[in-house]
Amino acid sequence: MSLALVHSRARVGIAAPAVRIEVMLSGGLPHTTMVGLPEAAVRESRDRVRAALLCARFDYPQQRILINLAPADLPKEGGRFDLAIALGILAASDQIDRHLLANYEFLGELALTGELRGVDGALPAAIAAAQQGRTLILAAGNGEEAALAQHADVRVARTLLEVCASLASRSLPHAMPAPVTPLAVADLRDVRGQLQARRALEVAAAGGHHLLLLGTPGCGKTLLASRLPGILPDATEAEALETATIASCSGAGIDAARWRHRPYRAPHHTASAVSLVGGGTHPRPGEISLAHNGVLFLDELPEWSRHTLEVLREPLESGTVMVARAARTDQFPSRFQLVAAMNPCPCGWAGDRSGRCRCSGEAIQRYRGRVSGPLLDRIDLHVQVPRLEPRELRSDAPCGEDSATVRARVVAARNVQLERSGKPNAQLLPTELDLHCRLEPDDQHLLESAVEQLQLSARSMHRILRVARTLADLAHSERIATEHVAEAIGYRQVDRGGTG
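Residues numbered from 1 in each chain as written. Predicted model: local features only at pLDDT ≥ 70, side-chain atom pairs only at ≥ 80, totals over all residues. Heavy atoms only, no water.

### Thoughts on the overall build of the chain
Counting its secondary structure elements, the chain contains 20 helices and 18 strands. Projecting the C-alpha coordinates of the chain onto the three principal axes gives extents of approximately 85 × 50 × 45 Å. Classification of the 500 residues of the chain by burial places 53% in the buried group. Summed over its atoms, the accessible surface of the chain is roughly 21,800 Å², and 52% of this surface lies on carbon and sulfur atoms. For the chain, the separation between the mean place of its 56 positive charges and that of its 56 negative charges on side chains is 3 Å. (Helix = DSSP H or I, 4+ residues; strand = E, 2+ residues; numbered from the N terminus. Buried < 20%, exposed > 50% of the residue type's maximum accessible area, 1.4 Å probe, protein only. Areas by Shrake-Rupley, 256 points an atom, 1.4 Å probe, with all protein chains shown as cover. Lys, Arg positive; Asp, Glu negative; His and termini not counted. Charge placed at Lys NZ, Arg CZ, Asp CG, Glu CD.)

### As for the packing of aromatic side chains
Evaluation of the coordinates by the stated rule reveals one aromatic pair. The ring of Trp259 is capped by Arg260, whose NZ or CZ atom sits 5.4 Å from the centre of that ring. (Phe/Tyr/Trp six-rings, centres within 6.5 Å; stacked < 30°, edge-to-face > 60°. Lys NZ or Arg CZ within 6 Å of the ring centre and 35° of its normal.)

### Quick word on the pattern of salt bridges
Following the criterion strictly, the structure yields 33 salt bridges and no others. A salt bridge links Arg313 to Glu310; its shortest N-O distance comes to 2.2 Å. Given the relative accessible area of 18%, Glu310 is considered buried. Through salt bridges that share partners, Glu317, Asp377, Arg378, Asp380, Arg459, Arg463 and Arg492 make up one connected network. (Salt bridge = Lys/Arg side-chain N within 4 Å of Asp/Glu carboxyl O.)

### Some words on the nonpolar core
Counting residues in each nonpolar core, the largest one holds 47 residues, and the members touching the most others are Leu211, Leu228, Val339, Leu381, Val383 and Leu447. Those residues in contact with Leu228 that sit more than four places away from it in its chain are Leu201, Ala205, Val295, Gln337 and Val339. With 44 residues, the next largest nonpolar core counts Ala56, Ala84, Ala92 and Phe106 among its residues. (Core = buried A, V, L, I, M, F, W, Y, C linked by side-chain atoms within 4.5 Å. Contact = heavy atoms within 4.5 Å.)

### Considerations on the packing of helix α7 (residues 195–207) against helix α16 (residues 403–421)
Packed helices, taken two at a time, are described by their axes: the angle between them and the distance between them. Across the interface, α7 lies against α16 with an axial gap of 8 Å and an inter-helix angle of 35°. Note on packing geometry: the crossing formed by α7 with α16 is right-handed. Side by side, α7 and α16 meet where Glu202, Ala205, Ala206 and Gly207 of the first sit next to Val406, Arg409, Val410, Ala413, Arg414 and Gln417 of the second. Classifying every residue of the contact of α7 with α16 gives five nonpolar, two polar and three charged. (Axes fitted to C-alpha atoms, helices over the stretch in contact; angles between N-to-C directions. Left-handed = near helix turned anticlockwise from the far one by under 90°. Nonpolar A, V, L, I, M, F, W, Y, C, P; charged D, E, K, R; others polar.)

### Concerning helix α20 (residues 482–490)
Among all positions of α20, only His484, Val485, Ala488 and Ile489 are buried. Considered in projection along α20, the buried side chains sweep an arc of 135° and stay on one side of the axis. In this fold, the buried residues of α20 make contact with α18 (441–454) and α19 (458–474). (Arc of directions from axis to C-beta.)

### Thoughts on the packing of helix α2 (residues 45–55) against helix α3 (residues 82–92)
Packing of α2 against α3 leaves a shortest axis separation of 10 Å and a crossing angle of 60°. If you check the angle between α2 and α3, you find them oblique. Once α2 is placed against α3, the crossing between them reads as right-handed. Between α2, through Ser45, Arg48, Val49 and Leu53, and α3, the contact on the second element is made entirely by Asp82, Ile85, Ala86, Ile89 and Leu90. Its residues placed into classes, the contact of α2 with α3 shows six nonpolar, one polar and two charged. (Parallel < 35°, antiparallel > 145°, perpendicular 65-115°, else oblique.)

### Section: the sheet that holds strand β17 (residues 337–342)
Strand order in this open sheet of five strands is β11-β14-β17-β10-β18, and the pairing throughout is parallel. Only two strands of the sheet have a single neighbouring strand rather than two, namely β11 (264–265) and β18 (381–385). Pairing of β11 with strand β14 (residues 295–298), which is carried by two bridges, proceeds in the parallel orientation. Each residue of the ladder has a partner; that of Arg265, found in β14, is Leu296. Relative to the sheet, α7 contacts β10 (211–215), β17 and β18, its axis offset from that of β18 by approximately 155°. (Pairing = 2+ DSSP bridges.)

### What about the pairing of strand β2 (residues 18–26)?
Sheet topology places strand β1 (residues 2–9) next to β2; eight bridges connect them, and they run antiparallel. The partner of Ser8 across the bridge, within β2, is Val19. Pairing of β2 with strand β4 (residues 64–70), which is carried by seven bridges, proceeds in the antiparallel orientation. Following the sheet pairing, Leu25 is matched in β4 by Ile65.

### Notes on unusual backbone geometry
A cis amide bond links Ala70 with the next residue in sequence, Pro71, at an omega value of 5°. By the element assignment, Pro71 lies in the loop between β4 and α3. Phi at Leu37 takes a positive value of approximately 60°, unusual for a residue other than glycine. Counting through the fold element by element, Leu37 comes out in the loop between β3 (31–35) and α1 (40–43). The exposure class of Leu37 is partly exposed, given its relative accessible area of 46%. Within the chain, Gln455 stands out as a residue other than glycine whose phi angle is a positive 55°.

Keep in mind that these numbers describe shape and distance, not what the molecule does.
Rendered as structure tokens:
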């Protein structure tokens, strides 16, 4: 009887829990048994591993082979354990030195020829391996992604034979990160007119606030939303690494050359609730998690399924989403900045100066009722985007400030917030508002009067305070003044029932 132990990593949500692969050879008729809660793709690795070993000119033991994937209660999925299982069989049959495996972790799917193929979740596996002080060996296709993990010793190989030949000499090449490429972002200078909407976009970027753009078709709502990433502050390395980890576990992979850029996600309004928040038999992150530390743009908001929109309510408050299944519950980060756009009525022209709208008041209320009040309550800025005059769209018409100029003000205001509270104003807790958003008595009376007249909730009142704090930061004011409170109240367009 012979026993070998190999270390690997599973994927659960965005975590990479350790998996110990134990291979035991014993007497009896040749047969391979795999235990430890493997799914179908893991059980099929027996045939892939056998073919890969034979192609690499190794012997496949003609004995009884028992493969245990521990811990036994952790579901195992995919072909990520192929390489580790193959090395365990080779070590148990004394074709390689089993003592060489102790300081390594292995991740990769095997082709029948012995070639290594990449798997998802390589980045969190590299981070976890570094925390355990082990070297991670994986497919060359995962090298650039895994190299993003700081202080991790990651080696890449192309074939099983290459791994076996290099274990003793540690001659496998290190994984190298891809060079970071600059991202060409759309410039705010392209937006003509729309001074109020541009101002709201700057406020949203400075404080991390959610934004709703309300206007007629073709007035520039989508154009404005697409310019938000260009004026946001750069993501910190920790934020970028967290976002890259989510993308690594999504199955779609990451662009290692652009991992420092904030994500911008714009799913179609036919997207399902599962695609938005994440889920599936083996839960994967959805659009709101892929937009973590970035922007989520929802166009044509009333056209979305109401059930789909309602699942956003908890993540907008907590910054996380819990995906519960019978077997387990996974938590995904989802601290995104929501930008939504909608028309004021079914035909889109309510409130337009042309007077072309013929929608009844009941039809308008029914259309707007597709978006629930609690969801609108969670959006800080509601802004009307009017239709421009044709002369304002001429190529020689004056342009507004470019993104670089606006971004400089946004970064300055955001730095003030980070120094004061360690977070953007939009994330201030209710208990922190008394400390950072204190008002003068007259301004407090103005706010309370507005809340009473507009019948706003306590949540809306807190969001007005956060926006007022951001306006004061943009004005380099240590205290919130009357004009800041008044402007913040003015951004509750939908609460005031306005259509333009």
